[in-house]
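# Observations on the three-dimensional arrangement
Letter by letter, the chains look like this.
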Amino acid sequence: MTSSLRSRVPPGPKPSRQFEMDVLIGYILLGGVLISMTLIVVGLIWRLLRTGSVTFDYRIAGMNMAEFIVAELRDLASAKFRPRLFISLGIVVLMLTPFLRVAASVVYFMVGLRNWKYTVFTGVVLAVLTYSLFLR
Amino acid sequence: MIHPVPFLLAFPVALLAGFIGAMSGMGGGILLIPGLTLLGLDIKHAIAISVLSVIATSSGSASAYVRDHITNLKVGMFLEMFTIVGALAGARITLSSSPRPLYIAFGCVLLGSWVALLIAERKSWRPPEAQDAVSRWLELEGSYPDLALGKTVEYKAHRAYFGAPLMFGAGMIAGLLGIGAGAVKVLIHDLVMGLPPKVSTTTSNLIIGVTALAGSSVYLAAGLIDPGLAAPVILGVVIGALAGTRLLVRLSNRAVRVFFLVVLAVLAVEMVVRGIGGGR
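Predicted, not measured: the structure shown is a model, and the values here were computed from it.

### Quick look at the overall build of chain A
Scanning chain A from terminus to terminus reveals five helices and zero strands. Scanning chain A from its N terminus toward the C terminus, one meets helices and strands in the order α-α-α-α-α. Sorting the 136 residues of chain A into buried and exposed places 32% on the buried side. At a minimum sequence separation of 6, the contacts of chain A that also span at least 24 residues come to 68%.

Put into structure tokens, the structure is as follows:
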């Protein structure tokens, strides 16, 4: 049943696909920025309520982006909720937003359009960005 | 660590930079960095914080254009391969550089923006006469719905072989100085590749976010991103940019231009003088 259904679908990209993908990429970007801003605002307000100041005295030192992400996710997983976790997660979400957008574009060109040329191009962008996360 | 710039100063400066940057269309970074260094922040930290805020403003505005089907994803993805490598190289140069040349380079970019703004006159877009084989192979073409004209505009880009290496340079400026360098990118899209103005600005916006990410990864690993300062700055720039975009439609273009010319000139001279004087 499913195979007969599938054979009736014309091969190749559907014209509406690109538009759907544009919308998805748009929402990834918007969602990322909104979540990041919300996390930062929550962190600042919480800090203000708890200490009466919005100053944070901590640094991101001696780790690359990948280690920073892992460290913050570990804090999140062990429920170490405190204002600075929200600030850090805000930065993490912000930096992962374009990354996620590129990853979605790879899938779009590969699965949606079956455009191998652009799958390679977006793949190169994703590879360089991934490499940059592990820079020292 | 004691913050050289307290929240109550950093937030309004970022707000103002985002606001004027969006209103003038030149981006927040170009004003944020001089603003933060005037408050006493070291220029490398200012560049690192700025490049992070560029991700937020560019992603925020790119989201709407992508959803409106104006941005050309293929042109964007192709050119991003060059801008991100440029940004990684540029950020590395900044890390190993002393502050003086950075101040002078920033001053020069401000002066360049000043000249660009002074002579800016939007020529009406004419489609390139023929598409070369490289650009055709790269499928650099598309169409977008132009609401003002009430029709769909079709276009083909050309000279991708010139555009690509130039975009490496644009990415390098972005990574080096922590700005979006949108003006440079738009210039390349317009003059070299022959993209229609709307496609050119919105696609540049998309590229800026990814390019800024490459730059900020380098700065974060170098320990230059101070989260306590990043929080108010990112928030300020984004809120400022939102307000600035709203006001853009209400203020006359001329008033914005004259005001921005004065601000740019003052900041450019200030940065160059500071660079010559020792970078402090």
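### Side note on the overall build of chain B
Within chain B, the secondary structure is distributed over eleven helices and two strands. Overall, chain B shows an N-to-C arrangement of helices and strands of α-α-α-α-α-α-β-β-α-α-α-α-α. In terms of overall size, chain B behaves like a compact globule, its C-alpha atoms giving a radius of gyration of 18 Å where 280 residues would be expected to give roughly 19 Å. Expressed as lengths along the three principal axes of its C-alpha atoms, the size of chain B is roughly 55 × 40 × 30 Å. Classification of the 280 residues of chain B by burial places 58% in the buried group. Partitioning the intrachain contacts of chain B with sequence separation of at least 6 by distance along the chain shows that 82% fall at a separation of at least 24.

### Description of the interface of chain B and chain A
Taken residue by residue, the interface counts 42 residues in chain B and 48 residues in chain A. Elements that contribute at least two residues to the side of chain B that touches chain A include exactly helix H3 (43-67), helix H4 (73-96), helix H9 (197-221) and helix H10 (227-248) of chain B. In the side of chain B that touches chain A, the residues fall into 28 nonpolar, ten polar and four charged.

### Let's talk about the packing of helix H1 (residues 7-24) of chain B against helix H2 (residues 29-38) of chain B
Residue and element names in this part refer to chain B. Between H1 and H2, the least distance of the axes is 8 Å, while the angle of their chain directions is 155°. Accordingly, the angle class assigned to the pair H1 and H2 is roughly antiparallel. As for how H1 packs across H2, the hand of that crossing is right-handed. Mapping the contact onto sequence places Val13, Ala14, Ala17, Ile20 and Gly21 in H1 and Ile30, Leu31, Leu32, Gly35 and Leu36 in H2. Across the contact of H1 with H2, the residue classes break down as eight nonpolar, two polar and no charged.

### With respect to the environment of Phe11(B)
Residue and element names in this part refer to chain B. Its location among the elements puts Phe11 in helix H1. Among the residues examined, Phe11 registers 21 C-beta atoms within 10 Å and is labelled buried. Along the sequence, Phe11 and Phe259 sit 248 residues apart, while their C-alpha atoms lie 22 Å from each other.

### Observations concerning helix H3 (residues 65-77) of chain A
Here H3(A) contains 13 residues, and its C-alpha end-to-end distance of 18 Å stays within 8% of the 18 Å for a straight helix at 1.5 Å per residue. Within the span of H3(A), buried status applies to Met65(A), Phe68(A) and Glu72(A). Seen end-on, H3(A) carries its buried residues on one side only, within an arc spanning 60°. Exposed side of H3(A), more than 90 degrees from the buried face: Val70(A), Arg74(A) and Ala77(A) are the residues found there. Next to the buried residues of H3(A) lie helix H4 (83-112) and helix H5 (116-133) of chain A together with H9 of chain B. Just downstream of H3(A) lies Ala79(A), where phi reads positive at about 55°.

### Focus on unusual backbone geometry
Trans is the prevailing form of peptide bonds, just as negative phi is the prevailing case for residues other than glycine. One non-glycine residue, His69(B), lies in the positive phi region at around 60°. With respect to the helices and strands, the residue His69(B) is situated in the loop between H3 and H4.

### A word on the pairing of strand S1 (residues 141-146) of chain B
Residues and elements named next belong to chain B. One ladder, built from six bridges, connects S1 with strand S2 (residues 151-156); its direction is antiparallel. Of the residues in S2, the one forming a bridge with Glu141 is Lys156. If you look at the hairpin formed by S1 and S2, you'll find four residues sitting between the two strands, and Gly150 has a positive phi there, around 70°.

### What to know about the environment of Thr57(B)
Residues and elements named next belong to chain B. Within the fold, Thr57 resides in helix H3. Between the C-alpha atom of Thr57 and that of Gly40, which follows or precedes it by 17 residues, the distance is 24 Å. With near-sequence residues (within four places) excluded, Thr57 lies in contact with Gly18, Gly27, Gly28, Val237, Val238 and Ala241.

### Thoughts on the packing of H4(B) against H9(B)
Residues and elements named next belong to chain B. In contact at an axis separation of 8 Å, H4 and H9 are set at 30° when each is read in the N-to-C sense. Considered as vectors, H4 and H9 are oriented roughly parallel to each other. Here the hand of the crossing between H4 and H9 comes out right-handed. Two secondary-structure elements touch here, H4 through Val75, Gly76, Leu79, Glu80, Thr83, Ile84, Ala87, Leu88, Gly90, Ala91 and Arg92 and H9 through Thr203, Leu206, Ile207, Val210, Thr211, Ala214, Gly215, Val218 and Tyr219. For the contact of H4 with H9, the per-class residue count stands at twelve nonpolar, six polar and two charged.

### With respect to the confidence of the model for chain B
All names here are of chain B. When pLDDT is averaged across chain B, the result is 87; 94% of the residues are at 70 or more. The element-level mean pLDDT for chain B is lowest in helix H11 (residues 253-276), coming to 85, with H4 highest at 95. The ipTM assigned to the predicted complex is 0.89, against a pTM of 0.89.

### Looking at H2(B)
Residue and element names in this part refer to chain B. A large share of H2 lies buried, amounting to nine of its ten residues. Residues of H2 that are buried: Gly29, Ile30, Leu31, Leu32, Ile33, Pro34, Gly35, Leu36 and Thr37. Following H2 by one or two positions, Gly40 adopts a phi angle in the positive range, close to 105°.

### Let's talk about the environment of Leu96(A)
By the element assignment, Leu96(A) lies in helix H4. As for Leu96(A) and Leu29(A), which are separated by 67 residues in sequence, their C-alpha atoms are 9.9 Å apart.

What counts, and where the lines are drawn
- Residues numbered from 1 in each chain as written.
- Chains lettered and ligands numbered in written order.
- Predicted model: local features only at pLDDT ≥ 70, side-chain atom pairs only at ≥ 80, totals over all residues.
- Helix = DSSP H or I, 4+ residues; strand = E, 2+ residues; numbered from the N terminus.
- Buried ≥ 20, exposed ≤ 12 C-beta atoms within 10 Å, placed from the backbone.
- Contact = placed C-beta atoms within 7 Å.
- Rg over C-alpha atoms; globule rule 2.2 N^0.38 Å.
- Nonpolar A, V, L, I, M, F, W, Y, C, P; charged D, E, K, R; others polar.
- Axes fitted to C-alpha atoms, helices over the stretch in contact; angles between N-to-C directions.
- Parallel < 35°, antiparallel > 145°, perpendicular 65-115°, else oblique.
- Left-handed = near helix turned anticlockwise from the far one by under 90°.
- Expected span 1.5 Å × (residues − 1).
- Arc of directions from axis to C-beta.
- Pairing = 2+ DSSP bridges.
- pLDDT = per-residue confidence, 0-100.

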